[in-house]
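# Structural description and commentary
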Protein chains: 2
Amino acid sequence: MKYKIKEINVDAGEFTIILNSADAKELGVRSLDRVKVIAGEHTITCIVETSDSVVSQGEIGILCKAFEKLKACDGGDVDVIPTSRPHSVELIKKKIEGHVLTSDEIREIITDITKHNLTDIELTAYVVACQLNGMNLDETTALTRSMVETGDTIELDKSPVFDFHSIGGAPGNKITLLVVPIVAAAGLYIPKTSSRAISSACGTADIFETIARVSLEIDEIKHITEEIGGVIAWGGHVNFAPADDLIIRVEYPLSIDPYSQLIASVMAKKKAVGADYFLLDIPTGPGTKVEDYELAHKYANDFIEIGRRLDMKVECAITYGGQPLGRHIGPKLEAQEAMQILEGKITRSSVIEKAVSMAGILFEMSGMINGKQKAREILENGQALAKMRQILKAQDGDPNLKSEDIKPGEFKAVITANQDGYVTFLDNKKLVRLARTAGSPRDHGAGLVFLKKRGDHIEKDQPMFEIHGDNERKVLEAAALSNRLKPYTVEGMIIEHIPSTTRPVEYED
Amino acid sequence: MKYKIKEINVDAGEFTIILNSADAKELGVRSLDRVKVIAGEHTITCIVETSDSVVSQGEIGILCKAFEKLKACDGGDVDVIPTSRPHSVELIKKKIEGHVLTSDEIREIITDITKHNLTDIELTAYVVACQLNGMNLDETTALTRSMVETGDTIELDKSPVFDFHSIGGAPGNKITLLVVPIVAAAGLYIPKTSSRAISSACGTADIFETIARVSLEIDEIKHITEEIGGVIAWGGHVNFAPADDLIIRVEYPLSIDPYSQLIASVMAKKKAVGADYFLLDIPTGPGTKVEDYELAHKYANDFIEIGRRLDMKVECAITYGGQPLGRHIGPKLEAQEAMQILEGKITRSSVIEKAVSMAGILFEMSGMINGKQKAREILENGQALAKMRQILKAQDGDPNLKSEDIKPGEFKAVITANQDGYVTFLDNKKLVRLARTAGSPRDHGAGLVFLKKRGDHIEKDQPMFEIHGDNERKVLEAAALSNRLKPYTVEGMIIEHIPSTTRPVEYED
């Protein structure tokens, strides 16, 4: 029997359809069961919800995502065939039970995720099981390959292709907006795709979209890179490793990110753009994703090994991320700070030191010598700004943009010091919570501005940092949370004792 | 601003509302954010979905569950206030990270679950984290108490109160339909509430609802027990430990059941009916939930200890569950077999042995001697059948019901032996999968009927068991699955060697 389509414009996470309860009974299906819906040549598997009133007998309510995918039309008709739970649910259970999955099993799960065959419950179970039971390197390699295979890829007409990525955890890490123009200005090719925030305050895509279009098509990424050397695109818009964004959707509300997923997510996207040389930035220090050196080395070794298996030359930089990078956190605020640096209005910053170091390593991977010095020259002589203007133009931004054109949120709360002394600690995790409470990354104007950083002297009731936002309620909520969390330490008598170690130099701001 | 209510009759798992995208933007909320919805004196926290077409600006779409809870009316109006993610999401993350939760933290999570404050994603994360990281006895005690406190309770005017429970895992375990009438016929009080299947083929509530009303109100459970001694009710209808059913909703599609949740689920419901004496049945053997003796002893010790902390006298019976109990699996089929036993049409069965043993232990906990003998007398002299007729009458069933009145599903597939020999193994887990594929427990007529059991001789192509169902497609699917899974072993030459152990006697059928 045919069912008449009724479009239901609700954005559900899965492909969901609504059947009249009587029809569902007739078909022998219940709420949360699965059916195949066939519209002409398009067939998708959907999750069933039942209703007595939304649809009449003989009607099928089709929610947005399924509607789009089916290329259905309101009033048209479809066939509905009951089908069983996909086998990958059994495989997810196998992972919950602590078993190692084969490459084929992992491919099956990732394929089902990509086809929207899993419910939120099943997908969350997969993610939490991976978080807790982990995956070995074989599984992680298979996961990476499956994620590449289930998505699109780019093949540039130019080579070699360079790329880099910072593992999250260092708030304020807007270096992509510096590294890409520096590297491209030197004549190398860097088709950089970035993600939005999962558990961080904001991702590079969140930042750059405040000043340019980041939702680029694959062809645009290819052509812009071939023409001007670099691009800064949102990876989620193109269909690279599409499983990743579906997985992130359930990771996000839980703020978790399993190790295997973290590696595969990064490596699959680098593989998808055809990267030959890839530099990974691993920020360490309190409050970063990778707090200690030993773990950072494990990350480095695993990324390098997975790279080897995927035929990609990987190097890693362990960097200091124990306090926010630079002075701004939040989408517009970080775009502004990056522009200020490119414009030469800021000349001394941890952001600059990190960006030129990273670009320098990429230069040396390409065979150049004195990479860091070369990178600094390109930044200081204005070539990086000129390249950024080309990128802005190519991505429909304003090529004449000035940092002062970027306006952070209109609401502001000022957090002051609770005593005289020196700032001895800024708590990354708490600051990220504040920025998110203020609305970042969804509210573009939301974020934090630091007036003082570690080592600075401050007096009681002097401004320590500002909370900005687009929504007054959220800014007030963040300010209240700040009073509760106390995300900084000011110590009056003794400044923190810093033993002599081999840690990288810690810049003043 | 007030929003006009539009009822959306979709059964979502959480309290969900739909806002027009423009209104959502105005309020500063996005899809999956939370808002408080205020209708007169009723306030609930809901999850936001956004839409451009389902609701116009100024309208709010309210889904079934939220609509009911708000006692809203179509066309009425409500206030909407954005609110932040509940703190218990942080606590769930703490459990994912492997920490021990305090009693207060557990109460907070359970309270939020009970209030429908958590999304499917968050609830699944909680369940999978408990499955993998476990809870200690302090946490489990707090979990039990929280589950009792967030629900209703019964106080009988009679005492002492007896109760029992079988941990799932032994398919065909319909003993409740025998134990309750036997115990009540002896003059004891047993207000038995049972659950529906989580990962098993069917639960007692699924079975008994095929011949009586199991959705009883608290007052009915109280009065029926006080008047005739026993009742068989569905625990999910009354508001005992309501968190449990919400948790089961996400456990069900994953077929998982964390240890701490298993204990708390059972104990909270026994505490809620005011049980003074509680007997726990722990089936062991291949394919049961508790496969080995050592683990069964851990279960027993933990239940007894939690009972002690809750002021309840607990005893445990470790029973043999290595193959299905009796010959029928499935809601109607199990009701039929139980009636056949009560009617005296079956006189020799593992079901009878187990039921009279369990009733016997309860009798001895009450101070009687020769409990098992007494139980067998009550079954054989017709007192148990008479009591069952009283229970059926009290629960709106047919007091004159005969076993032959119960009709299993009209579709049937016969599975035959692949060779001559003896049945040496019936695989519980695979058989459960078959029964579920055939439609059990949702389709009442679905299930399995064993013509041969362990130790029986069978010839090639002779019927081994039947698959029944209400839906032809599902029966065929189960038959195909049976061919793939091979849920039994027939061995021609050597019958399994069974070493001399202290295991309970294994009955023939």
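Everything here concerns the structure above.
The paragraphs below set out a description of the structure included in this document.

### Structural notes on the overall build of chain A
Scanning chain A from N- to C-terminus turns up 18 helices and 18 strands. Looking at the 509 residues of chain A, the share that counts as buried comes to 59%. For chain A, the share of sequence-separated contacts (at least 6 apart) that also reach a separation of at least 24 residues comes to 79%. Looking at chain A as shown, the accessible area adds up to about 19800 Å², and 47% of this sits on carbon and sulfur atoms. Taking the average place of the 60 positive charges on the side chains of chain A and the average place of its 76 negative ones, the gap between the two points comes to 2 Å.

### As for the side chain of His468 of chain A
All names here are of chain A. Mapping His468 onto the fold places it in strand 17 (residues 463–469). You can call His468 buried: its relative accessible area is 8%. Side-chain polar atoms of His468 contact the side chain of Glu466, separated by 2.8 Å. Look past the residues within four positions of His468 in its chain and what remains in contact with it is Leu333, Pro408, Gly409, Phe411, Lys412, Ala438, Gly445, Ala446, Gly447, Val449 and Val475.

### Some details on the interface of chain A and chain B
Taken together, the 45 residues of chain A in the interface contact 45 residues of chain B. Between chain A and chain B lies a buried interface of about 3900 Å² when both sides are counted; carbon and sulfur atoms form 56% of it. In this structure, the connection of chain A to chain B is made through two salt bridges. Inspection of the chain A/chain B interface yields eight residue pairs in polar contact (both at pLDDT 80 or more).

### Topic: the relation of the copies chain A and chain B
The two copies are related by a screw motion: chain A maps onto chain B through a turn of 180 degrees and a shift of 0.0 Å along the axis, at an RMSD of 0.1 Å. Such a combination of rotation and displacement between the chain copies is what one expects of a two-fold axis. The residues that chain A uses at the interface reappear at the interface of chain B in 100% of cases, marking a shared surface.

### Re helix 9 (residues 218–228) of chain B
Residue and element names in this part refer to chain B. Buried residues of helix 9: Ile218, Ile221, Lys222, Ile224, Thr225, Glu226 and Ile228, and no others. Buried positions along helix 9 lie against helix 7 (176–185), strand 8 (190–194), strand 9 (230–234) and helix 16 (383–394). Downstream of helix 9 by one or two residues, Gly229 has phi in the positive range, about 95 degrees.

### Observations regarding unusual backbone geometry
Cis peptide bonds are those with omega within 30 degrees of zero, and the linkage from Ser159 of chain A to Pro160 of chain A qualifies with -5 degrees. Mapping Pro160 of chain A onto the fold places it in the loop between helix 6 (137–149) and strand 7 (162–166). A cis amide bond links Ser440 of chain B to the next residue, Pro441 of chain B, at an omega of 5 degrees. Tracing the backbone shows Pro441 of chain B in the loop between helix 17 (428–437) and strand 15 (447–450). Look at Ser255 of chain A: it is not a glycine, yet its phi comes out positive at around 50 degrees. Checked against the element boundaries, Ser255 of chain A lands in the loop between helix 10 (242–254) and helix 11 (259–272). Judged by relative accessible area, Ser255 of chain A falls into the buried class, the value being 19%. Here Asp311 of chain B, not a glycine, exhibits a phi torsion of approximately 65 degrees, which is positive. With respect to the secondary-structure elements, Asp311 of chain B resides in the loop between helix 12 (293–309) and strand 11 (313–320).

### Concerning the sheet that holds strand 18 (residues 488–491) of chain B
Residues and elements named next belong to chain B. Strand order in this open sheet of three strands is 16-14-18, and the pairing throughout is antiparallel. This sheet does not close on itself; its edge strands, each paired only once, are strand 16 (457–458) and strand 18. Bridge count between strand 14 (residues 421–426) and strand 18: four bridges; the pairing is antiparallel. Residue pairing for strand 18: Leu426 is matched across the bridge by Tyr488.

Criteria and cut-off values
Residues numbered from 1 in each chain as written. Chains lettered and ligands numbered in written order. Predicted model: local features only at pLDDT ≥ 70, side-chain atom pairs only at ≥ 80, totals over all residues. Heavy atoms only, no water. Helix = DSSP H or I, 4+ residues; strand = E, 2+ residues; numbered from the N terminus. Buried < 20%, exposed > 50% of the residue type's maximum accessible area, 1.4 Å probe, protein only. Contact = heavy atoms within 4.5 Å. Areas by Shrake-Rupley, 256 points an atom, 1.4 Å probe, with all protein chains shown as cover. Lys, Arg positive; Asp, Glu negative; His and termini not counted. Charge placed at Lys NZ, Arg CZ, Asp CG, Glu CD. Polar contact = N/O pair within 3.5 Å; in protein donor to acceptor, adjacent residues only side chain to side chain. Buried area = accessible area lost by both parts, 1.4 Å probe. Salt bridge = Lys/Arg side-chain N within 4 Å of Asp/Glu carboxyl O. Least-squares fit on C-alpha atoms with pLDDT ≥ 70 in both. Pairing = 2+ DSSP bridges.

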